[in-house]
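# Survey of secondary and tertiary structure
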Amino acid sequence: MHPLYIGGEWLDGPRLRDNLNPSDTRDVIGRYAQADAALAERAIAAAAEAAPAWGLSSPQVRADALDRIGSEILARKEELGTLLSREEGKTRPEGIGEVARAGAIFKFFAQEALRLRGEKLASVRPGVEVEITREPVGVVGLITPWNFPAAIPAWKIAPALAFGNTVVLKPADLVPGSAWALTEIISRAGLPAGVFNLVMGPGSQVGQALLDDRRVAAISFTGSVGTGQRVAQAAVTRGARFQLEMGGKNPCIVLDDADLDVAVNSVLQSAFFSTGQRCTASSRIIVQKGIYPRFVQALGEAARALRVGDALDPQTQIGPVVDEAQLAQDLRYIDIAKAEGARLVCGGERLQLDKPGFYLQPALFADCDNGMQHCREEIFGPVASVLPADSYEHALALSNDTPFGLAAGICTTSLKYASHFKRHAQAGMVMVNVPTAGVDYHVPFGGRKGSSMGPREQGSYAAEFYTTVKTAYVQP
Ligand SMILES: NC(=O)C1=CN([C@@H]2O[C@H](COP(=O)(O)OP(=O)(O)OC[C@H]3O[C@@H](n4cnc5c(N)ncnc54)[C@H](OP(=O)(O)O)[C@@H]3O)[C@@H](O)[C@H]2O)C=CC1
Ligand SMILES: O=C(O)CCC(=O)C(=O)O
C-alpha cells in the first residue's frame, strides 16, 4: 500500500487505485491511496502552516536538502527508471534517462537556491536607497501529467522548494508510482513537516481543490489544453498566479539541402520515441519537394523497422501507449487521417502481442495538408504526418500555421535558412538538425500561442514563477 504524504505523515485515503502496467495489464505495480477534496485541503493547510518558516530558512538548508534528494535519485536511477517504464510504458533506457534527468534537476536547483539575486539601485530621491529582492510566493500547487512521471514533478518541485515555497503535488492519477517514490525520498531529506505534501487522486476532485483554495498562491500545470484553460480561469478568478504547459503540434522542416540521415533520425526520434507521447514530439513533418520522395521512403523504412514491445524488453524501441483511452484517441485520429485522404505509408494498427497491453505500430502518413484535422490537433501518440512544401518560405509559413507554438525544428545544411528559421519560427524552442523532443534540464522550457501561458519553466528562469519581487525604499 502506498499512502498519501500530508504534513509529514503518511495517511490513508478513502479509496485505493491499482497502478497497472500498460505493457501487461495483468501486472499490478501497486495499490495507491487516493485523496479526496477534504484531504487535499488538509495538505494545503499543512503547506500553509509550514510556509512562513520555510520561506525564511537558510538557502544552505534548502540546497543541502535538494542535493540529498538529487543524489539518492541518481543512485537509484535503474530501479526507479524500471518502475517508471513499468507504469508509463516508455522503454527502460528512456525511463532510466528520465529519472537521471530528475536527479540532475534537483542538484541543479540545489545550487540555484544559493544564486538567487537581488539588485540595489540609487533612488531618484537623494539619500534614499532602492533594493529589489525576491521572496517565495507561498504555497504552490503542482499538477502534473502522466507522460513524464518523474521529470515533470521534479522540474516543478525542485525550484519551488529551492526558492522557499511549500508544495502540494497532485500527480496524474494514471502514474502515481514515480511521484510516490520521489515523495518517499523527499520525506527523508530533512524538510520540516508540511513543506512537501503528496495528494494522489482524480484531478476533478483533488486537482480542483488546489485550484479553488485561496491559500494556494500559485499553480503550475502541465497537461491538456482543456484542463489548462480550467486552471487559468480558476486562478484568474481568485488572483492566483499560474503557469501552463499544454500541447504541441510541433513542425519539423526538412529542406532539400538537409543531410538525409540526420533528418530521418531526428524525425524518427521525435515523432515516435517515447511512443510519441511528448508535447515536444514532431508531428508535422514539412518536407521540400526535391528531397520529398527520398525522405518519405527512408523514414517509412525506418518506421516500419521499429520494434514495438514490452517496455522492459531490451529489444523494444517503442513501448506501449499509456492506456486504453489514449490508444482509442490515437486510433481515432488514424481513422480521421485516412478519411481526410492522407496516404498511410506504414503502421497504424493495434498489435496483439503475447501479453495484454496497449501496443500500436507507429503510423506515418504522407501527402498531408495542413488544413486536415489530424494536422491541427494534438494526437499525443506515435503518429506523424508528412506535408509537402514548395520552398523554404512555404515550409516556414506552414510550420507557423498552427494554434500551438512549443517547439519547431529544421533540418538543413544552410546557415542562411537555419538563422532565418531561428528568428522567425513562432515557437518557444527551436531546434536545428536535432530532434524537437528531448530537451536540456538547465535552460528554459516553454512555448508560445496555445502551448503555454505564464513564465518559463526550468533553468534559472524558473525563479520568475516561484518568487515574487519586492522593491524596498530605505532612507538610512
Ligand atoms: N503537454 C503535455 O505534456 C501533456 C499533454 N497531454 C494532453 O492531454 C491529453 C489528455 O491527457 P490527460 O492526462 O487526461 O490530461 P489532463 O489535462 O486531463 O491531466 C493533466 C493533469 O491535470 C489533472 N486534472 C484533470 N482535471 C483537473 C481539474 N478539473 N482540476 C485540476 N486538475 C485536473 C489530471 O488529473 P488526473 O489525470 O489524475 O485525473 C492530471 O494530473 C493527452 O491526450 C494530450 O493531448 C497529456 C499529458 C501531458
Ligand atoms: O521532450 C522533452 O524532453 C520534454 C517533453 C515534455 O516535457 C512533455 O512532453 O511534457
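What you see as residue numbers is a count from 1 along each chain, following the sequence as written. Chains carry letters from A onward and ligands carry numbers from 1 onward, assigned in written order. Local features are withheld for residues below a pLDDT of 70 in this predicted model, meaning they are given only at 70 or higher, and side-chain atom pairs are given and counted only at 80 or more; totals for whole chains, interfaces and linings count all residues. To obtain the side-chain values, all non-hydrogen atoms of the structure were included, while hydrogens and water were left out.

This part covers the site of ligand 1. Throughout, near means a residue has at least one heavy atom within 4 Å of the molecule or strand. Around ligand 1, a shell composed of 28 residues is seen, among which T144, K170, D173, S224 and M246 lie nearest. Considered on its own, ligand 1 offers 860 Å² of accessible surface; in the complex 84% of this is hidden by protein. Only DSSP runs of H or I covering at least 4 residues are called helices, and only runs of E covering at least 2 are called strands; the numbering of each starts at the N terminus. Listed by contribution, the elements that provide at least two residues to the shell around ligand 1 are α7 (203-212), β10 (216-222), α8 (225-238) and α11 (324-339). Of all the elements, α7 adds the most residues to the shell around ligand 1, at 4 residues. Taken together, domain 1 (4-246 + 451-474) and domain 2 (250-432) each give at least three residues to the shell around ligand 1, which thus spans both. Method for areas: the Shrake-Rupley scheme with a 1.4 Å probe, in which residue coverage is limited to the protein chains shown. Where a domain begins and ends is set by an automatic assignment or by a domain database.

Attention now goes to the site of ligand 2. Around ligand 2, a shell composed of R101, N147, F148, I152, W155, R278, C279, T280, A437, G438, V439 and F445 is seen. Taking N147, its side chain carries an N or O atom lying 3.0 Å from an oxygen atom of ligand 2. Two N or O atoms form a polar contact when they lie within 3.5 Å of each other; inside protein one atom must be a possible hydrogen donor and the other a possible acceptor, and for residues adjacent in sequence the pair counts only when both atoms belong to side chains. V439 places a polar main-chain atom, nitrogen or oxygen, 3.0 Å from an oxygen atom of ligand 2. In the complex, the protein chains occlude 99% of the 290 Å² of accessible area that ligand 2 would expose alone. Classes in brief: Ala, Val, Leu, Ile, Met, Phe, Trp, Tyr, Cys and Pro nonpolar; Asp, Glu, Lys and Arg charged; the others, Gly included, polar. Among the residues making up the shell around ligand 2, the classes are represented as 7 nonpolar, 3 polar and 2 charged. Both of domain 1 (4-246 + 451-474) and domain 2 (250-432) provide at least three residues apiece to the shell around ligand 2.

When DSSP finds at least two bridges between two strands, those strands are taken to pair. In space, the 7 strands of this open sheet follow the order β14-β17-β18-β13-β12-β20-β21, with mixed pairing throughout. Whereas interior strands pair on both sides, the edge strands pair on one side only; in this sheet they are β14 (343-346) and β21 (429-432). The mean inter-strand angle of the sheet, taken between neighbouring strand axes irrespective of direction, is 25 degrees. Two strands pair when backbone bridges link them, and strand β12 (residues 250-254) and strand β20 (residues 407-411) are joined in this way by 3 bridges, in the parallel orientation. Lines fitted to C-alpha atoms define the axes, with helix axes restricted to the stretch in contact, and inter-axis angles between N-to-C directions lie between 0 and 180 degrees.

What follows is about the nonpolar core. Side-chain atoms within 4.5 Å are what join buried Ala, Val, Leu, Ile, Met, Phe, Trp, Tyr and Cys residues into a set we call a nonpolar core. Note on exposure labels: buried denotes an accessible area under 20% of the residue type's maximum, exposed denotes more than 50%, and partly exposed covers the range between, all computed with a 1.4 Å probe on protein chains only. Membership of the largest hydrophobic core comes to 96 residues, with the highest contact counts inside it found for F106, I157 and F196. In terms of residue count, helix α5 (residues 151-162) provides more of this core than any other element does, 9 residues in total. Residues from two domains meet in this core; each of domain 1 (4-246 + 451-474) and domain 2 (250-432) gives at least three. Contacts: residue pairs with any heavy atoms within 4.5 Å of one another. Look past the residues within four positions of F106 in its chain and what remains in contact with it is L66, I69, G70, I73, A154, I157, A158, L182 and I186. Ranked by size, the runner-up nonpolar core spans 30 residues in total, among them I286, Y333, I379 and L396.

What follows covers the UniProt feature "domain: Aldehyde dehydrogenase" (unreviewed entry) in the protein chain. UniProt positions are given in the numbering used here, feature names are shortened, and annotations may be inferred rather than shown by experiment. Here, the residues flagged by UniProt with the feature "domain: Aldehyde dehydrogenase" (unreviewed entry) are residues 18-471. Note that residues 18-471 is 42% helix and 23% strand, and that its end C-alpha atoms are spaced 50 Å apart.

This part is about the domain arrangement of the protein chain. What the domain assignment reports for the protein chain is domain 1 (4-246 + 451-474) and domain 2 (250-432). One C-alpha centre belongs to domain 1, the other to domain 2, and the line joining them spans 31 Å. A quick way to say it: buried area is the sum, across both parts, of accessible area lost when two parts are put together, with a 1.4 Å probe. Between domain 1 and domain 2, the buried area comes to about 2,000 Å², and carbon and sulfur atoms account for 60% of it. Summed over the three residues of domain 1 that lose the most area to domain 2, namely S23, W146 and S451, the buried surface amounts to 25% of that side. Any carboxyl oxygen of Asp or Glu that lies within 4 Å of a side-chain nitrogen of Lys or Arg is treated as forming a salt bridge with it. Taken together, domain 1 and domain 2 are joined by 0 salt bridges.

This part covers the side chain of D310. As for its position among the elements, D310 is in the loop between α10 (292-304) and α11. A polar contact is formed between the side chain of D310 and the backbone nitrogen of L312, at a distance of 2.9 Å. Discounting chain neighbours no more than four positions away, the residues touching D310 are S23, T316, K355 and Y359.

With that settled, consider the environment of G13. Within the fold, G13 resides in the loop between β2 (9-11) and β3 (15-21). Along the sequence, G13 and I286 sit 273 residues apart, while their C-alpha atoms lie 49 Å from each other. Apart from residues lying up to four places away in sequence, G13 is in contact with L4, A33, Q34 and L39.

Side-chain rings of Phe, Tyr and Trp (the six-membered ring for Trp) are treated as a pair once their centres are within 6.5 Å; stacked means planes under 30 degrees apart, edge-to-face means over 60, and tilted covers the remaining angles. Counted under the stated rule, the structure contains 9 aromatic pairs. Ring plane angle 45 degrees and centroid distance 5.3 Å describe the contact between W10 and W180, whose orientation is recorded as tilted. One end of the pair, W10, is in strand β2; the other, W180, is in helix α6 (residues 176-187), and 170 residues separate them in sequence. With a centroid separation of 6.4 Å and 90 degrees between ring planes, the pair formed by F109 and F163 is classed as edge-to-face. Taken together, the residues span a long stretch of sequence, with F109 in helix α4 (residues 92-115) and F163 in the loop between α5 and β8 (166-170) at a distance of 54 residues. An identical accessibility class is assigned to F109 and F163; each is buried. Ring-pair connections join several aromatic residues into one group, and the members of that group are F108, F109, F163 and Y441. Ring-over charges, as used throughout, are those where CZ of Arg or NZ of Lys falls within 6 Å of the ring centre and within 35 degrees of the ring normal. Against the face of F148 rests K90, its NZ or CZ located 3.7 Å from the ring centre. The ring of Y333 is capped by R332, whose NZ or CZ atom sits 4.9 Å from the centre of that ring.

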